[in-house]
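Summary of structural features
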Amino acid sequence: MCGIVGLVSKDSRGFFHQDTEVLQDLLLVDSIRGADSTGVFGVLRNTQARILKHAVDPYILYRTQAWEKFKRMMVDQCRMVIGHNRKAT
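Reference entry: report on the structure contained in this document. (Residues numbered from 1 in each chain as written. Predicted model: local features only at pLDDT ≥ 70, side-chain atom pairs only at ≥ 80, totals over all residues. Heavy atoms only, no water.)

Here the focus is the nonpolar core. By size, the foremost hydrophobic cluster in this structure holds 16 residues, and its most contacted members are Leu-23, Trp-67, Phe-70 and Val-81. Secondary-structure elements contributing two or more residues to this core are strand E1 (2-8), helix H1 (17-30), strand E2 (37-44), helix H3 (65-77) and strand E4 (78-86). Among the elements that line this core, the one with the most residues is H3, at four residues. Not counting chain neighbours up to four residues away, the residues in contact with Phe-70 comprise Leu-23, Val-40, Phe-41, Gly-42, Arg-50, Leu-52 and Val-81. (Core = buried A, V, L, I, M, F, W, Y, C linked by side-chain atoms within 4.5 Å. Buried < 20%, exposed > 50% of the residue type's maximum accessible area, 1.4 Å probe, protein only. Helix = DSSP H or I, 4+ residues; strand = E, 2+ residues; numbered from the N terminus. Contact = heavy atoms within 4.5 Å.)

So, in structure tokens, the structure goes:
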């Protein structure tokens with residue numbers, strides 16, 4: 001089983017810091033659908049995408065420097081973010 005969550009910003013400025021916490025909460029709740037790997041991607045204002053994925057559950061991903069960098073990028077540049085949790089079957 002796997003799960004997908006996401007956020008789309010209606011505001012032309014993009015996301016706010018509170019939105020990063022919402023994404024984290026969504027990924028944690030979604031981890032019941034699979035805890036073998038977690039990933040996110042953000043669509044930037046210039047339509048490029050940035051990806052972050054690790055073969056760990058979200059609790060471990062949130063402790064990485066890469067996650068902190070993704071959160072900053074989400075607030076500074078993203079218009080949409082999608083996250084997933086995967087169960088290896």
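Alright, that's what it looks like, and here's the rest.
Taken as a whole, this structure holds two aromatic pairs when the rule is applied. Between the aromatic rings of Tyr-62 and Trp-67, the centroid separation amounts to 4.9 Å while the plane-to-plane angle is 40 degrees, which identifies the pairing as tilted. In terms of burial, Tyr-62 and Trp-67 fall into one category: buried. Taking relative accessible area as the criterion, Trp-67 reaches 0% and is therefore assigned buried. Ring pairing ties together the aromatic residues Tyr-62, Trp-67 and Phe-70, which thus form one cluster. (Phe/Tyr/Trp six-rings, centres within 6.5 Å; stacked < 30°, edge-to-face > 60°.)

Right, let's get into the pairing of E4. Each regular strand carries side chains that alternate between the two faces of the sheet. As paired strands, E1 and E4 are joined by seven bridges and run antiparallel to one another. Along E4, the bridge assignment pairs Leu-7 with Val-81. Bridge analysis of E2 against E4 gives eight bridges, and the strand direction is antiparallel. Bridge assignment links Leu-44 to a residue of E4, and that residue is Cys-78. (Pairing = 2+ DSSP bridges.)

In this structure, Ser-9 sits in the loop between E1 and H1. Classification of Ser-9 by relative accessible area gives buried; the value is 8%. Within the structure, Ser-9 has its side chain in polar contact with the backbone oxygen of Gly-14 (distance 2.8 Å). Not counting chain neighbours up to four residues away, the residues in contact with Ser-9 comprise Gly-14, Phe-15 and Arg-79. (Polar contact = N/O pair within 3.5 Å; in protein donor to acceptor, adjacent residues only side chain to side chain.)

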